[in-house]
Amino acid sequence: MEIPNIPNLIYYAIPFFIATVIIEGIVLYKKQPKSYNLKDTFASLVMGIGNVLVNLLSKLLIVFIFTFIYQNYRISTIPFVWWSWLLILFADDFCYYWAHRMGHESRFFWASHIVHHSSQKYNLSTALRQTWTGGFFTFVFYLILPFLGFHPLMIFTQMSISLLYQYWIHTELIDKMPRWFEAILNTPSHHRVHHGSNPLYLDRNHAGIFIIWDKLFGTFQPELKEEKVIYGLTSNINTFNPIKIAFNEWISVFKDAFSTKTSFTNKLKYFIKPPGWKHDGSGLMSNDLRKKWLAENVKE
Ligand SMILES: [Zn+2]
Ligand SMILES: [Zn+2]
């Protein structure tokens, strides 16, 4: 099989990221100087740079594992032709949806993904606010791809395309896209909901490129005019320190598991169960918060 020479697209996009973050920053600052926070933008940029550096290492591990599965266990051989790119566009996006959903619904994965949600602002720089730890394990949700017969290079390329797609949706400057577009694809409006800490918006719209997965698996929530998005976490960590942003939730989950006097199974559950779970049943998870909010706010 002929394997094309495809570079890492993310590296090529970096100058474009920086230029557009600056342009958007100027626009936002001119609109509302008080609400633009340069420290927040810098923190996001540092998280992004750290992510690229850590990925140099984690990628070695993933290349090794994907190649191992592809060479020894693949059930077919998918060539580098146009329809394979169409196939992997959907296959990768499906894996992304579940990886991202688990990033919200299981505290171990949340400890890494929380980084992306730690800003109380929402602009293009927020897209670059990325985990320093997830690279070492989030790939487990993609193992099906080399097994099905997608070449590791094709998988990496599509993962980069997905990341690039999701960059432009991190903005408040675009209200709604045309109706057909909003119906099929992930958009700034859908993803603003995803970054909301409002009970109604918690753990909704996990999509990467296509919003169809959320509609299919029951996690879709449109952005409502009457419910303005409050960005960030249900309890914000209020720091611009990159080390704290990267590791705060890891410390907190280990603390919860090991400083609590409870059974080994319960300790384990602190890592598996959704954020907010407590072994004594007193914890509120996002589903509880949403139900409570709906009961209080939606009149029959
Ligand atoms: Zn998320
Ligand atoms: Zn996002």
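Residues numbered from 1 in each chain as written. Chains lettered and ligands numbered in written order. Predicted model: local features only at pLDDT ≥ 70, side-chain atom pairs only at ≥ 80, totals over all residues. Heavy atoms only, no water.

Draft legend 1. Structural view of the coordination of the zinc ion (ligand 2). At this site the zinc ion (ligand 2) is bound by His116 (NE2), His170 (NE2), His191 (NE2) and His195 (NE2), with donor distances of 2.0 to 2.1 Å. What the four donor atoms of the zinc ion (ligand 2) show is an angle range of 95 to 154° at the metal, which sorts the shape as irregular. When the donor residues of the zinc ion (ligand 2) are listed from N- to C-terminus, their spacing reads H-x53-H-x20-H-x3-H. Here the zinc ion (ligand 2) and the zinc ion (ligand 1) are spaced 5.8 Å apart. Here the residue His116 occupies a position in the loop between helix H4 (107-113) and helix H5 (124-128), and His170 occupies one in the loop between helix H7 (152-165) and helix H8 (179-184), the gap between them amounting to 54 residues. Each of the two residues, His116 as well as His170, counts as buried. (Donors = N, O, S within 2.8 Å, 3.2 Å for Na, K, Ca; no water. Tetrahedral: all angles 85-135°; square planar, octahedral: opposite > 155°, others 65-115°. Helix = DSSP H or I, 4+ residues; strand = E, 2+ residues; numbered from the N terminus. Buried < 20%, exposed > 50% of the residue type's maximum accessible area, 1.4 Å probe, protein only.)

Draft legend 2. Up close: the coordination of the zinc ion (ligand 1). Taken together, the protein donors to the zinc ion (ligand 1) comprise His100 (NE2), His104 (NE2), His113 (NE2), His117 (NE2) and His194 (NE2), at separations of 2.0 to 2.1 Å. Going along the chain, you hit the donors of the zinc ion (ligand 1) in the pattern H-x3-H-x8-H-x3-H-x76-H.

Draft legend 3. Spatial organisation of unusual backbone geometry. Phi is positive for Asn205, close to 55°, though the residue is something other than glycine. If you trace the backbone, Asn205 turns up in the loop between helix H9 (188-194) and helix H10 (212-217). At Asn238, a position not held by glycine, the phi torsion is positive, near 45°. Mapping Asn238 onto the fold places it in the loop between H10 and helix H11 (242-258). Since its relative accessible area comes to 62%, Asn238 is described here as exposed.

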